[in-house]
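# Working through the structure, step by step
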Amino acid sequence: MPNIYVPKPSSDTVVYVKDLRTWFPVRRSFIDVIRRRPPLYVHAVDGVSFDIKEGETFGLAGESGCGKTTTGKTILRLVDPVGGIIAYRPRERLLKEWEEIGYHPKFIDQYKSVDISKIPSKYLKPLRKEMQMIFQDPYGSLNPRFTVYKILEEPLVIHGIGETKEERYDLIVRVLEQVKLTPPEEFLNRYPHMLSGGQRQRVGIARALLLQPRFIVADEPTSMLDVSIRAEILELMMELKERYKLTYVFITHDLALARYICDRIAIMYLGRIVEMGNTRRVLENPLHPYTKALISAIPEPDPRYRKILRELPIKGEVPSPINIPPGCRFRPRCVTYDKTTEIQKYCETEEPPLIEVEKDHYVSCWLYGTPEEVRELIKK
Amino acid sequence: MLEVKNLKTYFYTTKGVVKAVDGVSFKLNKGEVLGIAGESGCGKSTTAYSLIRLVPPPGKIVDGELIFEGRDILKLSEEDFRKQIRWKKISMVFQGAMNALNPVYTVGDQIAEVLMLHKHMTKEEAMKEVYKLLEMVGIDPKRAKSYPHELSGGMKQRVVIAMALALRPPLVIADEPTTALDVVVQAQIMNLLKRLQREHQMSIILITHDLSLIAEMAEKVAIMYAGKIVEYGTAEQVFLNPQHPYTRGLLASIPRLTGDIHKLEFIPGVPPDLSNPPPGCRFAPRCKFKFEPCDKEEPPVIEVEPGHYVSCWLHAKK
Ligand SMILES: Nc1ncnc2c1ncn2[C@@H]1O[C@H](COP(=O)(O)OP(=O)(O)OP(=O)(O)O)[C@@H](O)[C@H]1O
Ligand SMILES: Nc1ncnc2c1ncn2[C@@H]1O[C@H](COP(=O)(O)OP(=O)(O)O)[C@@H](O)[C@H]1O
Ligand code: SF4
Ligand code: SF4
Ligand SMILES: [Mg+2]
Ligand SMILES: [Mg+2]
């Protein structure tokens, strides 16, 4: 009998997220307001749960707009959720700093995790040193009017790291060496447009690394780069992870790449996780109808596929995240639903939870457990 | 059907001459799909623009021949080229075209305009053809009345393909036709192109940075690097028996969905500045097999097996 996924912290959990929801209000017209139409929301993240262990690379994958970036930004409180828990286990360093500024966080479990979603904004600053983000677009995420030196000095100044200019200079030179922009002196005075795409992404990584974080959300860090240089950046990221004991959330739409990088992976669709588990197991034995369709669509550099049309077991297009279909949100596109009459009544009315189908492999689909069975489980 | 001989297209910028396409040659048979692959900036789009003689200024085709159906179409006057060749015989799906659809006209009107302009059809005749074209690319003909913003990315891309097919040209150039699309939509568009190509015996030149897409469709493959074709052959030759160090490096850097997880390779360095390319082999600064002749003289093109050409000194030695 399967289990239902509930994030349970253990001694090596760094972050866990429970039923996270991030909605963005849709701008309303004047008419909407006078007619008292109810406000509408983009359900970018709509009930997401997962847990991440120390030193792990946790993948978030799925098509454009499914909520990967919003999930990543919410964990870092770069956007605010409307509901759910974001539990993070702070290091001593952070607890001390909070204490110094008079903040005494409430621990929500025996491992001294803190619910980040409840931290008042004025106490967020020290948290930035623990949790950082690497952005997708190495072109857009660096200020074009700043030199590399200035780009890297800014966070040091904001966080009051390095008392003197000399100290900051040393820190910057060191971080440039860490990301292999050597000799550092050659890069300090360059502007972003004087760097190649790969070099810019290294500056992005350097900026994230500078505050000595422990947890990094990397949002498609190589998707804008040419394929021949991607592996070089990924190798660097993995090396830094080992050396500084980092934990990564690795966002990607490239499942083949995830297979090389991520220990575990979550496949998202319309703001929810539909399948989650050990990366190889999920990709080599996908169980959710959506994951199966995604995998069947991935082109491969093998001329054998030339003579055949690809079978794509999926219908229609991604619906708007404003009006989420009732029941299973994948139903309007699901060919398994069409073929499996016995479960249709469940698909139409109830959202399936993440069910453990095999060890560390969870799927959100009524094929793998009916609501009756699931309720039984919840009771237990 | 098409033979490109020593094509050179340069951009005369204020900072110098950018040799975007620098001596490109290939052949394309009727009903065949040629894939041109290479990293961004290697000259793929410029090659495509050259073939329909729409190189944007300050670019100019400075040398070469484009033999199409037996004559050099570079020698035609612009007016003859426009009347006889462009769109009618050779059409193009431009990179990013789906975002360049005119937002104030319906997509039906935009396709109809191509027909009215080139085939002198009346609006009514044109609309009849528009419905057929939409059906052909898998869009409900009722959507002819939609404006671009009312369509998804995949549908807009289908509209753009319908426009390229409007005059039923024997040769279509598709420049990065799926680059901005999600993987499922991308696979749908690739299926569509494959189906249309077979049903209409079209020739297609598929241009993309994604070698996997080329493998999905092309019979002949050209690998471009820094303005030149460095390897050319059948898909089987290039993918299963790659001979140029660049092609090998590219293939080894692509993550695979199945099989063992080996270490992903990368090619150190970056492509050269095309206004100041290195002497000799342009790949030499990044090549781990570089030896004496490489940075002195340009490597010759060697036929390593029938129909499989490689431009590299490693093969010239043998
Ligand atoms: N600030 C915002 N205001 C309103 N809607 C937003 C905002 N940010 C994101 N969204 C919407 O939320 C949904 C999820 O967006 P998100 O950027 O998280 O997706 P993603 O999975 O990262 O996609 P991609 O692969 O394109 O990066 C989308 O519908 C998006 O348009
Ligand atoms: N309009 C232009 N003006 C100046 N240089 C250009 C122009 N278009 C392209 N180039 C240059 O020509 C080279 C090849 O570009 P392009 O054909 O667009 O490459 P690809 O399509 O392979 O990415 C690049 O160095 C690019 O910067
Ligand atoms: S729950 Fe039903 S509709 Fe949803 S994915 Fe499973 S079979 Fe398809
Ligand atoms: S010619 Fe020399 S440098 Fe160029 S690819 Fe061949 S071995 Fe490498
Ligand atoms: Mg994103
Ligand atoms: Mg291009």
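Our subject in this report is the structure included herewith. Each chain carries its own residue numbering, running from 1 in the direction its sequence is written. To label them, take the chains in the order written and letter them from A, then take the ligands in the order written and number them from 1. Owing to the predicted nature of the model, reporting of local features is limited to residues with pLDDT of at least 70; listing and counting of side-chain atom pairs is limited to 80 or more, with chain, interface and lining totals taken over all residues. To obtain the side-chain values, all non-hydrogen atoms of the structure were used and water was disregarded.

## Comments concerning the overall build of chain A
Within chain A one finds 15 helices and 13 strands. Over its C-alpha atoms chain A spans a radius of gyration of 22 Å, differing by no more than 12% from the 21 Å that the globule rule assigns to 380 residues. Projected onto the principal axes, the alpha-carbon positions of chain A cover approximately 70 × 60 × 50 Å. Only protein chains enter the accessibility calculation, which uses a 1.4 Å probe; a residue whose area is less than 20% of its type maximum is buried, one above 50% is exposed, and one in between is partly exposed. Counting all 380 residues of chain A, 56% fall into the buried class. Contacts are assigned to residue pairs with any non-hydrogen atoms lying within 4.5 Å of each other. Sequence-distant contacts, at least 24 apart, represent 66% of the contacts inside chain A between residues at least 6 apart. The accessible surface values rely on the Shrake-Rupley method and a 1.4 Å probe; as for residues, cover is taken only from the protein chains in view. Just so you have it, chain A exposes about 17,200 Å², and 52% of that area is on carbon and sulfur atoms. Looking at chain A, you have 58 positive and 52 negative side-chain charges, and the mean spots of the two groups are 4 Å apart. Starting at the N terminus, helices and strands are each numbered in turn, a helix being any DSSP run of H or I of at least four residues and a strand any DSSP run of E of at least two. Restricting the calculation to C-alpha atoms gives the radius of gyration, and the globule rule supplies 2.2 Å times the number of residues raised to the power 0.38. Charged residues are defined narrowly, with Lys and Arg counted positive, Asp and Glu counted negative, and His plus the chain ends left uncounted. To locate a charge, the coordinates of NZ of Lys, CZ of Arg, CG of Asp or CD of Glu are taken.

## Details of the overall build of chain B
Across its full length, chain B holds 10 helices and 12 strands. Principal axes of the C-alpha set define a box for chain B whose edges measure 65 × 50 × 40 Å. Taking all 318 residues of chain B together, the buried fraction comes to 56%. Pairs at least 24 apart in sequence give 62% of the contacts found in chain B among residues at least 6 apart. Looking at chain B as shown, the accessible area adds up to about 13,800 Å², and 53% of this sits on carbon and sulfur atoms.

## Points about the pairing of strand β4 (residues 59–68) of chain B
All names here are of chain B. The rule for pairing is simple: two strands pair if DSSP sees at least two bridges between them. As paired strands, strand β1 (residues 2–13) and β4 are joined by 8 bridges and run antiparallel to one another. Counted as the bridge partner of Lys 8 is Asp 63 from β4. As consecutive antiparallel partners, β4 and strand β5 (residues 71–72) are separated by 2 residues, and within that stretch Glu 69 has a phi angle of approximately 45°, a positive value.

## Quick word on the coordination of the magnesium ion (ligand 6)
When four donors bind a metal tetrahedrally, each ideal donor-metal-donor angle is 109.5 degrees, and when six bind octahedrally, the ideal angles are 90 or 180 degrees. Residue and element names in this part refer to chain B. Only nitrogen, oxygen and sulfur atoms qualify as donors, and only when within 2.8 Å of the metal (3.2 Å in the case of Na, K and Ca); with water excluded, sites may look incomplete. Of the protein atoms, only Ser 45 (OG) and Gln 95 (OE1) coordinate the magnesium ion (ligand 6), at distances of 2.1 to 2.3 Å. Here Ser 45, found in helix α1 (residues 44–51), pairs with Gln 95, found in the loop between β6 (90–93) and α3 (107–119); they are 50 residues apart in sequence, far enough to count as distant. When its relative accessible area of 43% is taken as the criterion, Gln 95 is described as partly exposed.

## Concerning the site of ligand 1
Residue and element names in this part refer to chain A. Note on terminology: near, applied to a residue and a molecule or strand, indicates that one of the residue's heavy atoms is within 4 Å of it. The immediate surroundings of ligand 1 are formed by 13 residues, with Ser 64, Gly 65, Lys 68, Thr 69 and Thr 70 found nearest. One nitrogen or oxygen atom from the side chain of Thr 69 is found 2.6 Å from an oxygen atom belonging to ligand 1. Under this definition, polar contacts are N or O atom pairs within 3.5 Å; protein pairs additionally need one hydrogen-donor-capable and one acceptor-capable atom, and for neighbouring residues in sequence, both atoms have to be side-chain atoms. Note that an oxygen atom of ligand 1 is positioned 2.4 Å from one of the side-chain N or O atoms of Thr 70. Considering ligand 1 on its own, with 640 Å² of exposed area, one finds that the protein chains cover 62% of that surface. The dominant element in the shell around ligand 1, judged by the number of residues it contributes, is helix α2 (residues 68–75), at 3 residues.

## Digging into the site of ligand 2
Residue and element names in this part refer to chain B. Around ligand 2 there are 14 residues in total, and Gly 41, Gly 43, Lys 44, Ser 45 and Thr 46 lie nearest to it. At 2.7 Å from an oxygen atom of ligand 2 is found a main-chain nitrogen or oxygen belonging to Gly 41. Note that an oxygen atom of ligand 2 is positioned 3.3 Å from one of the backbone N or O atoms of Cys 42. In isolation ligand 2 offers 560 Å² of accessible surface; the protein chains occlude 68% of this area. Mapped onto the shell around ligand 2, the elements with two or more residues apiece are β1, β2 (16–28) and α1. The greatest single-element share of the shell around ligand 2, amounting to 3 residues, is contributed by α1. The residue makeup of the shell around ligand 2, split by class, is 6 nonpolar, 6 polar and 2 charged. Each residue gets one label: Ala, Val, Leu, Ile, Met, Phe, Trp, Tyr, Cys and Pro are nonpolar, Asp, Glu, Lys and Arg are charged, and the others, such as Gly, are polar.

## Digging into the sheet that holds β4(B)
All names here are of chain B. Spatially, the 4 strands line up as an open sheet ordered β2-β1-β4-β5, and their pairing is antiparallel. Unpaired on one side and paired on the other, β2 and β5 mark the two borders of the sheet. Seen against the sheet, α1 touches β1, β2 and β4 and runs at an angle of roughly 115° to β1. Where helices are involved, their axes are fitted lines through C-alpha atoms of the stretch in contact, as for all axes, and angles between N-to-C directions lie from 0 to 180°.

## Things to note about the side chain of Arg200(A)
Residues and elements named next belong to chain A. Within the secondary structure, Arg 200 sits in helix α8 (residues 197–209). Just to be clear on terms, a salt bridge is a Lys or Arg side-chain nitrogen sitting within 4 Å of an Asp or Glu carboxyl oxygen. For the buried Arg 200, no salt bridge exists, and the shortest N-O distance to an oppositely charged side chain is 6.8 Å, to Asp 137. Not counting residues up to four positions away in its chain, the partners in contact with Arg 200 are Pro 138, Tyr 139, Leu 142, Pro 192, His 193 and Leu 195.

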